[in-house]
Amino acid sequence: MEIGILALQGSVSEHHMTFRRCGVATRDVRLPKDLNGINGLVMPGGESTTLRKLLKNSGLWNKLKKGIIPILGTCAGAVLLGNCDDDTFGIVDINILRNAYGRQIDSFESEIALKTDEFDGVSKFPGVFIRAPQIQNTFGKCKAIAHLENEIVGVKHGKHMALTFHPELTDSNLLHEKWISGIK
Ligand code: GLN
């Protein structure tokens with residue numbers, strides 16, 4: 001198994017480190033040819049407007065939009081997986097609002113509640129929210145796996161996973177392992 005980390009912008013090295021802790025090989029993805037042979041791709045957080053431009057310029061946009069490669073999208077990555085006012089892949093059945101909690105200064109950490117039946121009884125995860133987007137609703141094949149109070153902050157849709165927080169900025173491998181177990 002080898003996982004690609006989209007290395008155009010954002011928290012790239014932290015995702016590499018998390019998979020290293022899980023014993024999973026990773027590579028940087030910058031061009032369409034880098035997708036050959038990978039089992040899944042992480043789209044890290046950053047700035048979705050910038051990521052969109054870089055993805056289109058690199059030729060990756062049209063390949064990933066097909067939804068065939070399993071994708072873990074965190075924060076800005078989750079925005080591009082879902083549906084919002086801007087151009088996105090629309091391959092995860094969520095409507096998502098950018099910067100819903102305010103500006104960078106309004107970033108926060110808060111414990112989130114995991115769906116225990118999805119995580120072998122584990123119920124808590126440290127949520128790191130950085131100028132985070134908000135999932136407004138889910139539809140179709142999408143399943144909620146994490147909540148912050150009444151809000152959905154993590155979903156899976158087939159082999160894709162969208163998280164509005166940053167699991168790569170914690171010491172826990174749990175969310176990465178969960179996604180990996182779904183694509184094996
Ligand atoms: N605010 C960013 C956006 O809308 C996302 C922030 C992040 O990825 N941490 O693209």
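Residues numbered from 1 in each chain as written. Predicted model: local features only at pLDDT ≥ 70, side-chain atom pairs only at ≥ 80, totals over all residues. Heavy atoms only, no water.

The protein chain is annotated in an unreviewed UniProt entry as Pdx2 from Marine Group III euryarchaeote CG-Bathy1.

Describing the side chain of His166
This is how the line gets drawn: Under the DSSP-based scheme used, a helix requires at least four consecutive residues in state H or I and a strand at least two consecutive residues in state E, with every element numbered from the N terminus. For this analysis, residues touch if any pair of their heavy atoms sits within 4.5 Å.
Relative to the helices and strands, His166 is located in the loop between strand E11 (160–163) and helix H5 (174–183). Those residues within four positions of His166 in sequence are excluded, and the remaining contacts are Ser11, Gly45, Cys75, Val128 and Ile130.

Remarks on the side chain of His160
Test applied: Accessibility here uses a 1.4 Å probe with only protein chains present; expressed as a share of the type maximum, an area under 20% marks a residue as buried, one over 50% as exposed, and anything in between as partly exposed. Within 3.5 Å is the distance limit for a polar contact, defined as a pair of N or O atoms, with the added protein rule that one can donate a hydrogen and the other accept it, and that residues adjacent in sequence qualify only through two side-chain atoms.
Position of His160 relative to the elements: it lies in strand E11. Exposure remark for His160: the relative accessible area of 6% places this residue in the buried category. A distance of 3.2 Å separates a polar side-chain atom of His160 from the backbone oxygen of Gly67. Beyond its immediate stretch of four places on either side in the chain, His160 contacts Gly67, Ile69, Pro70, Ile71, Ile91, Val92, Val155 and Trp179.

What about the UniProt feature "binding site: L-glutamine" (unreviewed entry) in the protein chain?
Our working rule: UniProt positions are given in the numbering used here, feature names are shortened, and annotations may be inferred rather than shown by experiment. A 1.4 Å probe that fits but cannot get out identifies a cavity on a 1 Å grid over protein atoms alone, an open set with protein on both sides within 12 Å along at least five of seven lines counts as a pocket, and a residue lines either if it has an atom within 4 Å of a point.
In the numbering used here, UniProt assigns the "binding site: L-glutamine" (unreviewed entry) feature to Gly46, Glu47, Ser48, Arg98, Ile130 and Arg131. Their sequence span is 86 residues, while the largest C-alpha to C-alpha distance among them is just 12.8 Å; these annotated residues converge on one region. Lining the largest pocket, from this annotated set, are Gly46, Glu47, Ser48, Arg98, Ile130 and Arg131. Those residues within four positions of Ser48 in sequence are excluded, and the remaining contacts are Ala76, Val79, Leu80 and Arg98. In this structure, Arg98 sits in the loop between strand E5 (94–97) and strand E6 (108–114). If we skip the residues at most four places from it in the chain, Arg98 touches Glu47, Ser48, Thr49, Val79, Asp86 and Pro133.

What about the UniProt feature "active site" (unreviewed entry) in the protein chain?
This chain's UniProt record puts "active site" (unreviewed entry) on Cys75, His166 and Glu168. Spanning 94 residues, the named residues nonetheless gather at one spot, since no C-alpha pair among them exceeds 11.1 Å. Residues that both appear in the annotated list above and line the largest pocket are Cys75 and His166. Residue placement: Cys75 occurs in the loop between strand E4 (71–74) and helix H4 (76–81). The exposure class assigned to Cys75 is buried, which follows from its relative accessible area of 4%. Setting aside chain neighbours within four positions, we find Cys75 in contact with Gly45, Ile130, Arg131, Ala132, Pro133, Leu163, Thr164, Phe165 and His166. Locating Glu168 in the fold gives a position in the loop between E11 and H5. On the basis of relative accessible area, Glu168 is assigned to the buried category, the value being 4%.

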